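# Coordinates in review
Below, each chain spelled out in residue letters.
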Amino acid sequence: MDTLPEPSTPAGRDALAAIVDGPQHALVALDFDGTLADIVPDPEQARAHRSVVPALSVLAPRVASVAIVTGRPAGVAVRYGGFAGVPGLEHLTVLGHYGAERWDARTGTVETPAPHPGLAGVRAELPGVLDAHGAWHGTWVEEKGQALAVHTRRASNPEAAFDALRAPLAELAARHGLILEPGRLVLELRPPGMDKGVALAEYVHEVGATSVLYAGDDLGDLPAYAAVQKLRSDGVPGLLLCSGTAIPELAEQADVLLPGPAEVAAFLASLAQRLP
């Protein structure tokens, strides 16, 4: 990507100009799966696109901060992203579990809260719920420490399995004081009170950013988009990038629409070259 794509909205164009004119006060915040890493059938095999780390290592020293905001455990995102020990990423922050966990490159450690007490009950009942709805075969349960995620991508009919499980898993989550977070063929049962919007807004305040770029691809990124819209109304320029078109609600709000992680990495690299 030799030149930066022109944002499709006036707010997006203003935000890009603010980032280029004052990068030392800009925050670049990025989702992981689907944005920096391609979506794959087995989530354990997801890895950041090969162009991501080189792009971030050039971009990060030129802006106020770079943060990865993900539903994954922070340590898993660091490992799958290959972010640890990379020159240029000494101040990278990973906000995992929608901000409940945090990894800082400076210390190399993960700060994590105690698990929600409702997770034990959900963990015990989940196999029976899946079996009762004929979804035991073909689904895969990801243990995330602070959450449980049920993936239907391997089912014979992934969309039908997703739709069939959405209501019963929402009921299971509510019974144990959790919430259900739907994504791209994944249903995550997790504690309430944190989402990517809350995590992003708190981090913007922490670093004192006066402009923000956020890139995402899934339903879980909608709260972060809403947070950027709120920042705009408060006078903080915000640029919204969308990776792919799987979630129309996200793509319709984006200032820049990119096909996938390879193009997101190219955008970040091109942005870095525009900055002093």
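Everything below is about the structure printed above this text.
Here's a quick rundown of the structure. All values reported here derive from a predicted model rather than from experimental measurement.

### What to know about the overall build of the protein
- The helix and strand tally for the protein stands at nine helices and 12 strands.
- Relative to a compact globule of 276 residues, whose C-alpha radius of gyration would be 19 Å, the protein shows 18 Å and is just as compact.
- Seen through its principal axes, the protein has C-alpha atoms that stretch 60 × 35 × 35 Å.
- In the protein, the proportion of contacts linking residues at least 24 apart, taken out of those at least 6 apart, comes to 67%.
- For the protein, the computed accessible surface area is about 11,400 Å², with 54% contributed by carbon and sulfur atoms.
- Looking at the protein, you have 20 positive and 33 negative side-chain charges, and the mean spots of the two groups are 3 Å apart.

### Description of unusual backbone geometry
- A positive phi is found at H97, a non-glycine position, where the angle reads about 50 degrees.
- On the basis of relative accessible area, H97 is assigned to the buried category, the value being 4%.
- A positive phi is found at L185, a non-glycine position, where the angle reads about 60 degrees.
- With respect to the secondary-structure elements, L185 resides in the loop between β8 (179-182) and β9 (186-190).
- For L185, a relative accessible area of 16% puts it in the buried group.

### A look at empty space enclosed by the protein
- For the structure shown, the criterion picks out one cavity of 30 Å³ or more.
- Forming the boundary of the largest cavity are 27 residues, of which D33, K144, H151, V186 and D218 lie nearest the centre.
- When contributions to the lining of the largest cavity are tallied by element, the ones reaching two or more residues are β7 (148-151), β8 and β9.
- Each residue belonging to the lining of the largest cavity can be placed in one class, and the counts come to eight nonpolar, five polar and 14 charged.

### Describing the packing of helix α6 (residues 196-207) against helix α7 (residues 222-233)
- Their axes nearest at 6 Å, the elements α6 and α7 cross at an angle of 40 degrees. Between α6 and α7, the interaxial angle falls into the category oblique. Two packed elements cross with a definite hand, and for α6 against α7 that hand is right-handed. Residues K196, G197, L200 and V204 of α6 lie in contact with α7, whose contacting residues are P223, A224, A227, V228 and L231.
- Broken down by class, the residue content of the contact of α6 with α7 amounts to seven nonpolar, one polar and one charged.

### A short note on the packing of aromatic side chains
- Following the criterion strictly, the structure yields two aromatic pairs and no others.
- Aromatic side chains F32 and F83 sit 6.3 Å apart centroid to centroid with 85 degrees between the ring planes, which places their arrangement in the edge-to-face category. Of this pair, F32 sits in the loop between β1 (26-30) and α2 (52-59) while F83 is found in the loop between α3 (74-81) and β3 (93-96), placing the two residues 51 residues apart along the sequence. Side by side, F32 and F83 carry an identical accessibility label, which is buried.
- When the centroid spacing of 6.3 Å and the interplanar angle of 90 degrees are considered together, the rings of Y214 and Y225 count as edge-to-face. Linking Y214 in strand β10 (residues 211-216) with Y225 in helix α7, this pair joins segments that are 11 residues apart in sequence. Here Y214 matches Y225 in class, with each residue buried.
- Stacked on the ring of Y80, the Lys or Arg R47 has its end atom at 4.1 Å from the ring centre.

### Regarding the sheet that holds β9
- The four strands lie next to each other as β6-β7-β9-β8, forming an open sheet whose pairing is antiparallel. Strands at the two margins of the open sheet, each flanked by one partner only, are β6 (140-143) and β8. Direction aside, neighbouring strands of the sheet carry axes that sit 20 degrees apart on average.
- Both β7 and β9 contribute to a ladder of four bridges, which runs antiparallel. Of the residues in β9, the one forming a bridge with H151 is V186.
- With respect to the sheet, helix α4 (residues 118-132) is in contact with β6, β7 and β9, its orientation differing from that of β7 by roughly 20 degrees.
- With respect to the sheet, helix α5 (residues 158-175) is in contact with β7, β8 and β9, its orientation differing from that of β9 by roughly 0 degrees.

### Points about the side chain of S243
- Mapped onto the elements, S243 comes out in strand β11 (residues 238-243).
- Of note is the side chain of S243, whose polar atom sits 2.7 Å from the backbone oxygen of G34.

Here is what the cut-offs are and how they apply
Position labels on residues start from 1 in each chain and follow its written sequence. Given that this is a predicted model, residues contribute local features only at a pLDDT of at least 70 and side-chain atom pairs are listed and counted only at 80 or more, while totals for whole chains, interfaces and linings are drawn from all residues. For the side-chain quantities, the full set of heavy atoms in the structure was used; hydrogens and water were omitted. Secondary structure counts use DSSP, requiring at least four H or I residues in a row for a helix and at least two E residues in a row for a strand, with both numbered from the N terminus. Between the two quantities, the radius of gyration covers C-alpha atoms and the globule rule is 2.2 Å times the number of residues to the power 0.38. Should any heavy atoms of two residues lie within 4.5 Å, those residues are considered in contact. In these tables, accessible area is a Shrake-Rupley quantity obtained with a 1.4 Å probe, and a residue counts as shielded only by the protein chains included in the view. When charges are counted, neither His nor the chain ends are considered; positive counts come from Lys and Arg and negative counts from Asp and Glu. Throughout, a charge is located at the NZ atom of Lys, the CZ atom of Arg, the CG atom of Asp or the CD atom of Glu. Under the scheme applied here, a residue whose accessible area is under 20% of the maximum for its type counts as buried, over 50% as exposed, and between as partly exposed, the area being computed with a 1.4 Å probe on protein chains only. Only protein atoms enter the calculation, which uses a 1 Å grid: trapped sets of points that fit a 1.4 Å probe without letting it out are cavities, open sets showing protein on both sides within 12 Å along at least five of seven lines are pockets, and any residue with an atom within 4 Å of a point is a lining residue. Grid points are joined across faces, edges and corners, and a volume is the space filled by probe spheres set on the points. When residues are grouped by polarity, Ala, Val, Leu, Ile, Met, Phe, Trp, Tyr, Cys and Pro land in nonpolar, Asp, Glu, Lys and Arg in charged, and all others, Gly among them, in polar. All axes are obtained by fitting lines to C-alpha atoms, using only the stretch in contact for helices, and the reported angles, taken between N-to-C directions, cover 0 to 180 degrees. Should an angle fall under 35 degrees it is taken as roughly parallel, and over 145 as roughly antiparallel, whereas 65 to 115 is taken as roughly perpendicular and any remaining angle as oblique. Two helices cross in a left-handed way if the nearer one is turned anticlockwise from the farther one by less than a right angle. They cross in a right-handed way if the turn is clockwise. Within 6.5 Å between ring centres, the rings of Phe, Tyr and Trp (the latter by its six-membered ring) count as paired, and their orientation is classed by plane angle as stacked under 30 degrees, edge-to-face over 60, tilted in between. The rule is short: NZ of Lys or CZ of Arg within 6 Å of the ring centre and within 35 degrees of the ring normal puts a charge over the ring. Should DSSP find at least two bridges between two strands, the strands are regarded as paired. Think of a polar contact as two N or O atoms within 3.5 Å of one another; within protein, one of them needs to be a possible hydrogen donor and the other a possible acceptor, and neighboring residues in sequence only count if both atoms come from side chains.

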